[in-house]
Amino acid sequence: MVLSKIDTPEDLKNLKLEDLKVLSKEIRRFLIKSVARTGGHLSSNLGVVELSIALHYVFNSPDDKIVWDVGHQAYIHKILTGRKNKFKTLRQEGGISGFPKRDESEHDVFDVGHSSTSISAALGMAIGRDLSHEKNYVISVIGDGALSGGMAFEGLNNAGRGNANLIVILNDNEMSISRNVGGLSKYLTRMRSTKQYTKVKEGIESMLSAIPIFGNPMSQALKRTKGGIKTLLVNNTWFEELGFSYLGPIDGHNIPELIEILNNAKQMKGPILVHVKTVKGKGYSLAQNDPSKYHGISIFDYKTGNPINTFNGINFSDAFGEAIIKLAKENSNIVAITAAMTAGTGLTKFEDLFPKRFFDVGIAEQHAVTFAGGLAVQGYRPIVAIYSSFLQRAYDQILHDVALQNLDVIFMVDRAGLVGEDGETHQGIFDISYLSNIPNIKILSPKLPQEIEGAMRYALKQKGPVVIRYPRGGTNISVDTIIDYNNPIPVMHYKGKKAAILSFGKSVEWAFEIRDYIIAQYKIEVAIIEIPYIMPVDDEELFKLIKTYGTIITIEDHVLVGGFGSIISTILHKVQSPKKLYSFGFENGIVQHGKINKLLEHHELSPKQIGDTIYNDILKK
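Here the structure is a predicted model, which is why all the values come from computation and not from measurement. (Residues numbered from 1 in each chain as written. Predicted model: local features only at pLDDT ≥ 70, side-chain atom pairs only at ≥ 80, totals over all residues. Heavy atoms only, no water.)

## Remarks on the environment of Lys 574
Positionally, Lys 574 belongs in the loop between helix H23 (564-572) and strand S19 (580-586). Residue Lys 574 is classed as exposed on the basis of its relative accessible area of 57%. Sequence separation of Lys 574 and Asp 539 is 35 residues, and the distance between their C-alpha atoms is 9.3 Å. A polar atom in the side chain of Lys 574 sits 2.8 Å from the side chain of Asp 539. (Helix = DSSP H or I, 4+ residues; strand = E, 2+ residues; numbered from the N terminus. Buried < 20%, exposed > 50% of the residue type's maximum accessible area, 1.4 Å probe, protein only. Polar contact = N/O pair within 3.5 Å; in protein donor to acceptor, adjacent residues only side chain to side chain.)

## Focus: helix H4 (residues 49-58)
Of all 10 residues that make up H4, nine are buried, and the element is covered over most of its length. Within H4, the full set of buried residues consists of Val 49, Glu 50, Leu 51, Ser 52, Ile 53, Ala 54, Leu 55, His 56 and Val 58.

## Considering the pairing of strand S5 (residues 245-251)
Within S5, five of the seven residues are buried, leaving the element largely enclosed by the surrounding structure. In the classification by handedness, the crossover that spans S5, the intervening helix H12 (residues 255-267) and the parallel strand S6 (residues 271-277) is right-handed. (Right-handed = clockwise from strand over helix to strand, strands pointing away.)

## Focus: the pairing of strand S3 (residues 138-143)
Counted residue by residue, S3 has six buried out of six residues, so it is predominantly covered. Of the two faces of S3, the one carrying Val 138, Ser 140 and Ile 142 and the one carrying Ile 139, Val 141 and Gly 143 are both buried. Pairing of strand S2 (residues 65-68) with S3, which is carried by four bridges, proceeds in the parallel orientation. Opposite Trp 68, over in S3, you have Val 141 as the bridge partner. After leaving S3, the chain enters helix H7 (residues 150-160) and then returns to the sheet as strand S4 (residues 166-172), a path that is right-handed. (Pairing = 2+ DSSP bridges.)

## Overview of the nonpolar core
Across soluble globular proteins, nonpolar side chains have a tendency to be buried as a group. Core analysis: the biggest nonpolar cluster contains 52 residues, and Leu 23, Ile 27, Leu 31, Leu 42, Leu 55, Ile 169 and Val 274 have the highest contact counts within it. With seven residues, the single largest contributor to this core is helix H2 (residues 17-38). Among all residues touching Ile 169, those that are not within four sequence positions of it are Leu 51, Leu 55, Ile 139, Ser 140, Val 141, Ile 142, Leu 262, Val 274 and Val 276. Listed in part, the 49 residues of the second largest apolar core include Ile 337, Leu 435, Ala 500 and Ile 568. (Core = buried A, V, L, I, M, F, W, Y, C linked by side-chain atoms within 4.5 Å. Contact = heavy atoms within 4.5 Å.)

## Looking at the sheet that holds strand S10 (residues 381-387)
In a beta sheet, neighbouring strands pair by backbone hydrogen bonds and run either parallel or antiparallel. The sheet built from seven strands is open, its strands ordered S9-S8-S10-S11-S13-S12-S17 with mixed pairing. Edge positions in the sheet fall to strand S9 (358-360) and strand S17 (533-535), since each has one partner strand and no second. When the angles between neighbouring strand axes are averaged without regard to direction, this sheet yields 20°. Pairing of strand S11 (residues 410-414) with strand S13 (residues 466-469), which is carried by four bridges, proceeds in the parallel orientation. (Axes fitted to C-alpha atoms, helices over the stretch in contact; angles between N-to-C directions.)

Following this line, the structure appears as structure tokens:
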């Protein structure tokens, strides 16, 4: 076993090329079995096995800095840098993260989780290196999907106009989470290898430099000759026009070729782009045939590929997918927009049924929002489906390009609240804070998948932007009260004594569990009031329901600062005699990876912990 001998990148350098090929096969076997036990990102990692090996074979991490864009393809990097024995803890509480983290290893040089950031970060490191007169290499590894994000273009533009030595590895697998879209994707599929151009270019430049140039006409003629040969060979590669020296495309699964070209890149000056073609899911036929399904997967049987312990009920994303199809059949002005998350947001069937009314804009959340604003100006009803943590990237566009103009755009904010194993970069616990202060906006939060359609029907009747936020997966609530979104006022689910718990969305489930625990443990009943309409809250109706309770308790799957508790606090202070208010939520925005129930316990927010606190610190007094 070659893999058993690898504990650090230095161990790679003692291997022969034949050993490296064996190592790649062993890593794939190890990875498939390991991710099957823990869940995680599989397809993307299987596609970069040889590339990761070659990078650590050629460069000297951590002195040389390798920055992984998004980071969900960095499992092999972690295996090669001393963490293979910890993979049984992958994405588990207290275990290793599914993304690079600086406090986990010196080889993880930048925390990532969202896309399109690596070129900017790597350029900053390269400039910092030069300012400090240090000598090391800085490498950014970015996928073709992430390259479609606007920030990646900004990084390329800035790097290309400078002279800093920076190597950008473009991992071109023609696939992000959903299939890649847009002009850049088409360009990359057309691009031919430029090996011949590189050799000819060097020869021509050497020849031209030796010829004395007398006068401008001669100079221009020589420039045209050089440019003409370049056009003939590579059709003016876009990256070189930006200022990068372009190498590739090369086979990203050919270790000797990868090592050769990376060594060549080390000898070159200025910004270099190495174009590597890989196959997502390579080595595991199930993932290779359906890379989207195995992009981020829960625990599964690696022999059959079948998931284990699947949720049997309808989840919120599926409910949205069914509802938008139903509404689109009734209203031809409805269009759907997503940012490279077609399957994840539940829009696959909509795309099949309404291809001309479906728009996957790629990893470009800012563009998605302003694009929706333009469609709204033309009289269409755009419905934008984006995960909560990704929508953060489009704050200015929501405010400036939609809300200030009071445009009719519906935002379906998926994965709101805790998402669990993906960790702090993906927890959707900020959206209320960053959305509730925006003018003209309305925020709804259904507690059941069955309420999604009603919420959307209500939103379609409103003027201006409407946000509908909902959690990942489904719910365990068993309740008869379905919110009527034609009249979304606070609802009293249970009456009680002394205190009333206010909750919304996913936290309604927690409120029910807390009430049941307090009754069973302390024989006290507390009231449960659901607030389906977070912004703006119907003050008058809320006051009617809470007037007999001296203490108000808020529960939320969100940070406390700027969250639901803050909104309720502002409302209560409108009353001359404010109620006593206690809020339960996340004290800060750093919620690590792990099972949701374990994360709640860690933050003292499990139903039992909250129930005990309510009794001991509030009801007992």
